[in-house]
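# Descriptive structure summary
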Amino acid sequence: MKLEGNTPLTFDLFGNEPLQSQAAVEQIGPCSWVLRGFALPWVQPMLPAVQAVLAQAPFRHMVTPGGFTMSAALSSCGSVGWTTDRHGYRYSAVDPQTGQPWPAMPQVLMELACAAASETGFPDFIPDACLINRYLPGAKMSLHQDKDEQDLQWPVVSVSLGISAVFLFGGLERKDKARRVALQHGDIVVWGGVDRLRYHGILPIKPAEHPLLGEQRINLTFRKAM
Ligand code: MD3
Ligand code: FE
């Protein structure tokens, strides 16, 4: 690194210079923001960390309590992960597919989520779950609310990687008109407060090729579940 007169030197736990990002911020709700490109400086160190998680806890297609197989494939890391079966949706400390605890949340993912939350006014956010969704072309996520977390005062931080998506940003009732927002590689969405229970979804992904990730979209959502 370059040493200059008064540059403060700060290092993370591994003695690395912390990554920083300057991103264009778009406010899309009273308590929701899109940080365009915020994750870009983290992408290179993130990808091997995500791959290591997926080696321990491979993607799987969840079946909803109603019997529908979700088109996005899912995995998790952190002290709890999200699972669904015919009894319902819940967070669990164990991956039901392996019987093992979920992989720990890699440091670089935790740092990115905390940096993005701080940027939008949630400096004390410490996620305990990171859900990893993989969308191949045609996959979608129907309108839903994220309400399985215990304390809804904490925000959710979402990181988009790979090919782009159109997300639906609805209201507090399913019937409310949803606005469409394009999400690209490196974009982060943070939502909390009065927006925490807004309906949201992802339109079917259009086929495209991303130079780093190929024909897929990966979305990471960081939550404080317990
Ligand atoms: C929620 N994931 O995992 S995150 C999910 O891109 C999930 O994979 C989607 O919904 C994905 O539960 C969407 C992005 C997002 C953006 C804006 C929102 C979620 C939002 C606004 C309000 C509530
Ligand atoms: Fe969601």
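Reference entry: report on the structure contained in this document. Here the structure is a predicted model, which means the values were calculated and not measured. (Residues numbered from 1 in each chain as written. Chains lettered and ligands numbered in written order. Predicted model: local features only at pLDDT ≥ 70, side-chain atom pairs only at ≥ 80, totals over all residues. Heavy atoms only, no water.)

## Examining the coordination of the iron ion (ligand 2)
The coordination sphere of the iron ion (ligand 2) contains the protein donors His144 (NE2), Asp146 (OD) and His200 (NE2), at a distance range of 2.0 to 2.2 Å. Donor residues binding the iron ion (ligand 2) come from one chain and are separated in sequence as H-x1-D-x53-H. Here the residue histidine 144 occupies a position in strand 9 (residues 141–144), and histidine 200 occupies one in strand 14 (residues 200–202), the gap between them amounting to 56 residues. Histidine 200 sits in the buried class, given a relative accessible area of 13%. (Donors = N, O, S within 2.8 Å, 3.2 Å for Na, K, Ca; no water. Helix = DSSP H or I, 4+ residues; strand = E, 2+ residues; numbered from the N terminus. Buried < 20%, exposed > 50% of the residue type's maximum accessible area, 1.4 Å probe, protein only.)

## Section: the site of ligand 1
For ligand 1, the set of nearby residues contains 17 residues, the closest of which are Tyr135, Phe169, Trp191, His200 and Arg217. Contact between ligand 1 and tyrosine 135: an oxygen atom at 2.5 Å from a side-chain N or O atom of the residue. In isolation ligand 1 exposes 520 Å². Once the protein is present, 97% of that is buried. Judged by its atoms lying within 2 Å of the grid points, ligand 1 is housed in the largest pocket. Of all the secondary structure elements, the ones that give two or more residues to the shell around ligand 1 are strand 8 (129–135), strand 9, strand 11 (165–169), strand 13 (188–191), strand 14 and strand 15 (217–223). When residues of the shell around ligand 1 are assigned to their parent elements, the largest contribution, four residues, is made by strand 15. Taken together, the residues that form the shell around ligand 1 break down as seven nonpolar, six polar and four charged. (Near = heavy atom within 4 Å. Polar contact = N/O pair within 3.5 Å; in protein donor to acceptor, adjacent residues only side chain to side chain. Areas by Shrake-Rupley, 256 points an atom, 1.4 Å probe, with all protein chains shown as cover. 1 Å grid on protein atoms, 1.4 Å probe; cavity = no way out; pocket = protein on both sides within 12 Å on 5 of 7 lines; lining within 4 Å. Sits in = over half its atoms within 2 Å of the grid points. Nonpolar A, V, L, I, M, F, W, Y, C, P; charged D, E, K, R; others polar.)

## Here we look at the packing of aromatic side chains
Inspection of every chain in the model, using the stated rule, returns four aromatic pairs. Consider the rings of phenylalanine 38 and tryptophan 42, whose centres lie 5.6 Å apart with planes at 10°: the pair is stacked. For the pair shown, phenylalanine 38 and tryptophan 42 are each scored as buried. Residues phenylalanine 167 and phenylalanine 169 carry aromatic rings whose centres are separated by 6.1 Å and whose planes lie at 80° to one another, so their mutual orientation is edge-to-face. (Phe/Tyr/Trp six-rings, centres within 6.5 Å; stacked < 30°, edge-to-face > 60°.)

## Observations regarding the layout of surface pockets
Approximately 890 Å³ is the volume found for the largest pocket. As for the largest pocket, its lining consists of 38 residues, and the residues nearest its centre are Met70, Met141, Ser142, His144 and Asp146. Every element with two or more residues in the lining of the largest pocket is listed here: strand 8, strand 9, strand 11, strand 13, strand 14 and strand 15. Within the lining of the largest pocket, the residues separate by chemical class into 16 nonpolar, twelve polar and ten charged. (Points joined across faces, edges and corners; volume = space filled by probe spheres on them.)

## Describing the pattern of salt bridges
Charged atoms that come close allow side chains of opposite charge to pair. One pass over the full model with this rule turns up nine salt bridges. The partner of arginine 36 in a salt bridge is aspartate 187, and the shortest N-O contact between them spans 2.6 Å. Here the residue arginine 36 occupies a position in strand 2 (residues 32–36), and aspartate 187 occupies one in the loop between strand 12 (179–183) and strand 13, the gap between them amounting to 151 residues. Assessed through its relative accessible area of 21%, arginine 36 is described here as partly exposed. Classification of aspartate 187 by relative accessible area gives buried; the value is 3%. Where aspartate 195 meets arginine 198, a salt bridge forms, and the shortest distance between an N and an O atom there is 2.9 Å. (Salt bridge = Lys/Arg side-chain N within 4 Å of Asp/Glu carboxyl O.)

## Remarks on the side chain of aspartate 128
Note that aspartate 128 resides in the loop between helix 2 (107–119) and strand 8. A distance of 2.7 Å separates the side chain of aspartate 128 from the backbone nitrogen of alanine 225, its partner in a polar contact. Residues contacting aspartate 128, with those up to four places away along its chain left out, are Cys77, Gly78, Ser79, Val80, Met105, Arg223, Lys224, Ala225 and Met226. (Contact = heavy atoms within 4.5 Å.)

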